[in-house]
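Summary of the model geometry
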Amino acid sequence: MGGVEQDASRGTSAAVTLPLHGVPGRIPGRGAGVVAGDKGEGVSSQGSAASDVDEGDTLARPGVCELSVDGRFRRIDDELCRSLRRPRELLLGRKLDEIVAPSAARGAEELFVRVLDTGEPRSDESRLLLPDGTELIVTLAFTRLEDEQGRARGIFGLVTDLTERRRTLEALEESRERYRTLFHSIDEGFCVLEALFDERG
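Residues numbered from 1 in each chain as written. Predicted model: local features only at pLDDT ≥ 70, side-chain atom pairs only at ≥ 80, totals over all residues. Heavy atoms only, no water.

A separate point is the overall build of the chain. Assigned secondary structure in the chain consists of four helices and nine strands. Taken from the N to the C terminus, the helices and strands of the chain come in the order β-β-β-β-β-β-α-α-α-β-β-β-α. A buried classification covers 37% of the 201 residues belonging to the chain. For the chain, the share of sequence-separated contacts (at least 6 apart) that also reach a separation of at least 24 residues comes to 51%. A total accessible area of about 11900 Å² is found for the chain, and carbon and sulfur atoms account for 49% of it. (Helix = DSSP H or I, 4+ residues; strand = E, 2+ residues; numbered from the N terminus. Buried < 20%, exposed > 50% of the residue type's maximum accessible area, 1.4 Å probe, protein only. Contact = heavy atoms within 4.5 Å. Areas by Shrake-Rupley, 256 points an atom, 1.4 Å probe, with all protein chains shown as cover.)

In structure tokens:
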């Protein structure tokens, strides 16, 4: 499976090439190449939404999907199925808002509508519900797909799992706070000495 190809000299993503599965066909329009169905072909996008993946971060590989204008999954890759812990058959045809956590529903809807209406690629943090009820912290990055007349015909989406990265950052901050508290609570002073020796010892 492909990945995010990044231009290290400019710090932006140059392309995303990942296999999608769903309704076969072409996706003409800004920022997207050919998306095929179940024959193993792939999707290639150079939309700005891909550039929101920071090459300096150790993030999970983004999942890729195509959404219809009413927010239903039309195509979805293996990585996103794994992240959502659902088989493709249960996701195709379902609306995105069915798996968005209630606390993030409004923000996800506003992001989707804004990209669909303006054609400007955008991204935002969101939360998706897993089958066991837990929440997945993600970045949703959307780019509008257009037909030959420039009309919106769907959304190309990158979904990047931030959960492990967030846990790592929280653990690091907790560790810093613990040692900061320890430093301020000690009742004895201490000092650090550095011994310097010349060639004679």
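Moving on, there is more to tell.
Pairing geometry for strand 5 (residues 63-67) and strand 6 (residues 73-76), over three bridges, is antiparallel. The residue bridging Leu 67 from the neighbouring strand is Phe 73, located in strand 6. Between strand 5 and strand 6, which follow one another and run antiparallel, lie five residues, and Gly 71 among them has a positive phi close to 85°. (Pairing = 2+ DSSP bridges.)

Looking now at the confidence of the model for the chain. Of all residues in the chain, 60% have pLDDT values of 70 or greater, and the mean over the chain is 73. Segment residues 1-18 is flagged for pLDDT under 50; beyond a separation of four residues in sequence, or across chains, it makes 53 contacts in the model. Here residues 23-58 is modelled with pLDDT under 50, and outside its nearest four sequence neighbours on either side it reaches 96 contacts, counting other chains as well. (pLDDT = per-residue confidence, 0-100.)

Below, the discussion takes up the packing of aromatic side chains. Tallied over the full model, the rule gives one aromatic pair. On the numbers, 6.1 Å between centres and 85° between planes, the contact of Phe 112 with Phe 142 is edge-to-face. Of this pair, Phe 112 sits in helix 3 (residues 105-118) while Phe 142 sits in strand 8 (residues 135-146); the two residues are 30 residues apart in sequence, bridging distant segments of the chain. Phe 112 sits in the buried class, given a relative accessible area of 9%. (Phe/Tyr/Trp six-rings, centres within 6.5 Å; stacked < 30°, edge-to-face > 60°.)

Once that is clear, we can look at the environment of Phe 156. Structurally, Phe 156 is set in strand 9 (residues 152-161). Taking relative accessible area as the criterion, Phe 156 reaches 3% and is therefore assigned buried. Separated by 89 residues in sequence, Phe 156 and Leu 67 place their C-alpha atoms 6.5 Å apart.

Here the focus is the environment of Thr 163. Here Thr 163 shows up in helix 4 (residues 163-185). On the basis of relative accessible area, Thr 163 is assigned to the buried category, the value being 7%. Sequence-distant contacts of Thr 163, that is, excluding residues within four places in its chain, are made with Leu 136 and Ile 137. A distance of 2.7 Å separates polar atoms of two side chains, one belonging to Thr 163 and the other to Asp 161. (Polar contact = N/O pair within 3.5 Å; in protein donor to acceptor, adjacent residues only side chain to side chain.)

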